[in-house]
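Here's the letter readout for the chains.
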Amino acid sequence: MTTGRFKGRAMRLANSLGVLLGGGTPVTIGPGLRTDLTDLDGLIVGGGVDIESRLYGVDTTDEWPYDPDRDALEIRALDWAEQHDKPVLGICRGAQLLNVHRGGTLILDLDRARPDLRNPRSIFPCKTAHLLPSSSLAAMLGPGTLGINALHHQAVEKIGQDLAIAAVDSGGIVQAIEQTGHRFRVGVQWHPELLLWSTRHRQLFRALVAAAAAVPQRQVPEPASINA
């Protein structure tokens, strides 16, 4: 699980609980912390501060804080996950980074870009996600709609290469993406780690741990570490 220097520590603890409930063992990586990936079986890119906008082609100076060390570490971690076919769950910022990593773009600020759209923020369910029937996410969590929370002011805009929309909210904003050609590569805009009382949200962690346990052991040595 990734974390940053500025935000994300509370989410990290909640993600740890989600992994434990899913039957896995949580391990934290982040700037100034562990960067060794050798014995890890999966990756959670968690929530936190905004991704630096220059990474998706927007050269702007704004008031949002960035964590470039975390950006660099997580991009290298996603490279590692792709190279070794490790399962990935992106949460909020993590879903956005999954998209940016595949060449997609983000809406810089929903309130400015969509003033017509009500964008509530709460750790409790305050929006409805409509799961696309053909998505692997719908197969995983069950079809139909899902009550979700929201702590974001950005969202996926242009979809990255080999990614597909898996869920949208009532305003048409992307709430989940998934990457084709992988056993488990999912990004959700909400925070399932704060909704662990719900069986369907816990299922995301169970599915990730199951996918991690199914990763075949490689016979070639893996890189010992990544540098933030």
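Enquirer: Any chance you could explain the overall build of the protein here in plain terms?
Expert: Helix and strand content of the protein: six helices and nine strands. Compactness check: the protein gives a C-alpha radius of gyration of 16 Å against a globular reference of 17 Å for 228 residues, within 12% of the reference. Expressed along its principal axes, the backbone C-alpha trace of the protein runs to roughly 55 × 40 × 30 Å. Residues counted as buried form 52% of the 228 residues belonging to the protein. If you take every contact in the protein between residues at least 6 apart in sequence, the share linking residues at least 24 apart comes to 70%.

Enquirer: Which parts of the structure should I look at to understand the pairing of strand β8 (residues 174-179)?
Expert: Here is the key point about a regular strand: its side chains alternate between the two faces of the sheet. For β8, the buried fraction is high: six of the six residues fall into the buried class. In this sheet, β8 lies alongside strand β7 (residues 163-169) in antiparallel orientation, the contact comprising five bridges. Residue pairing for β8: Ala164 is matched across the bridge by Glu178. Remark: four residues form the turn of the hairpin made by β7 and β8, two consecutive strands paired antiparallel; Gly172 in that turn has positive phi of roughly 85°. Note that β8 and strand β9 (residues 185-188) share three bridges and pair antiparallel. Opposite Ile177, over in β9, you have Gly187 as the bridge partner. Counted between consecutive antiparallel strands, the loop separating β8 from β9 contains five residues, among which Gly181 sits at a positive phi close to 85°.

Enquirer: What should I look at first to understand the sheet that holds strand β4 (residues 122-131) in this one?
Expert: The strands making up a sheet are joined through hydrogen bonds of the backbone, oriented either antiparallel or parallel. In spatial order, the strands read β1-β2-β9-β8-β7-β4-β5; together these seven strands make up an open sheet with mixed pairing. Strands at the two margins of the open sheet, each flanked by one partner only, are β1 (43-45) and β5 (144-150). Sheet twist, expressed as the mean angle between neighbouring strand axes with direction ignored, is 25°. Where β4 lies against β7, three bridges are found, and the strand directions are antiparallel. Residue pairing in the sheet places His130 in a bridge with Val168 of β7. Running over the sheet, helix α2 (residues 68-83) touches β1, β2 (88-91), β8 and β9 and is turned about 150° from β1. Its contacts with the sheet put helix α3 (residues 93-101) on β1, β2, β7, β8 and β9, and the angle it makes with β2 is roughly 115°.

Enquirer: Can you help me understand α3 in this one?
Expert: Structurally, the α-helix is built with 3.6 residues per turn, so residues lying three or four positions apart point the same way. A large share of α3 lies buried, amounting to eight of its nine residues. Remark: Gly103 follows α3 within two positions and exhibits a positive phi of approximately 90°.

Enquirer: How do you make sense of empty space enclosed by the protein when you look at a structure like this?
Expert: Remark: the empty space left among the atoms is shown by a probe the size of a water molecule rolled over them. This model, assessed by the stated rule, comprises one cavity of 30 Å³ or more. Lining the largest cavity we find Leu78, Ala81, Glu82, Val88, Leu98, His101, Arg102, Gln179 and Arg185. Those elements that provide at least two residues to the lining of the largest cavity are α2 and α3. By residue class, the composition of the lining of the largest cavity is four nonpolar, two polar and three charged.

Enquirer: Teacher, can you tell me more about unusual backbone geometry here?
Expert: Peptide bonds are mostly trans, and most non-glycine residues show a negative phi. One non-glycine residue, Asp85, adopts positive backbone phi at about 55°. One non-glycine residue, Asp162, lies in positive phi territory at about 65°. Residue position: Asp162 is located in the loop between β6 (155-156) and β7. Asp162 gets classed as partly exposed once you look at its relative accessible area, which sits at 38%.

Enquirer: What's the story with the pattern of salt bridges in this structure? I'm lost.
Expert: When the charged atoms of two side chains with opposite charge come close together, those side chains can pair. A complete count under the given rule lists eleven salt bridges for this structure. Notably, a salt bridge pairs Glu74 with Arg70, separated by 2.6 Å at the nearest N-O pair. With Glu74 and Arg70 both in helix α2 and four residues apart, the pair spans about one turn of that helix. With a relative accessible area of 0%, Arg70 lands in the buried category.

Criteria and thresholds
Residues numbered from 1 in each chain as written. Predicted model: local features only at pLDDT ≥ 70, side-chain atom pairs only at ≥ 80, totals over all residues. Heavy atoms only, no water. Helix = DSSP H or I, 4+ residues; strand = E, 2+ residues; numbered from the N terminus. Rg over C-alpha atoms; globule rule 2.2 N^0.38 Å. Buried < 20%, exposed > 50% of the residue type's maximum accessible area, 1.4 Å probe, protein only. Contact = heavy atoms within 4.5 Å. Pairing = 2+ DSSP bridges. Axes fitted to C-alpha atoms, helices over the stretch in contact; angles between N-to-C directions. 1 Å grid on protein atoms, 1.4 Å probe; cavity = no way out; pocket = protein on both sides within 12 Å on 5 of 7 lines; lining within 4 Å. Points joined across faces, edges and corners; volume = space filled by probe spheres on them. Nonpolar A, V, L, I, M, F, W, Y, C, P; charged D, E, K, R; others polar. Salt bridge = Lys/Arg side-chain N within 4 Å of Asp/Glu carboxyl O.

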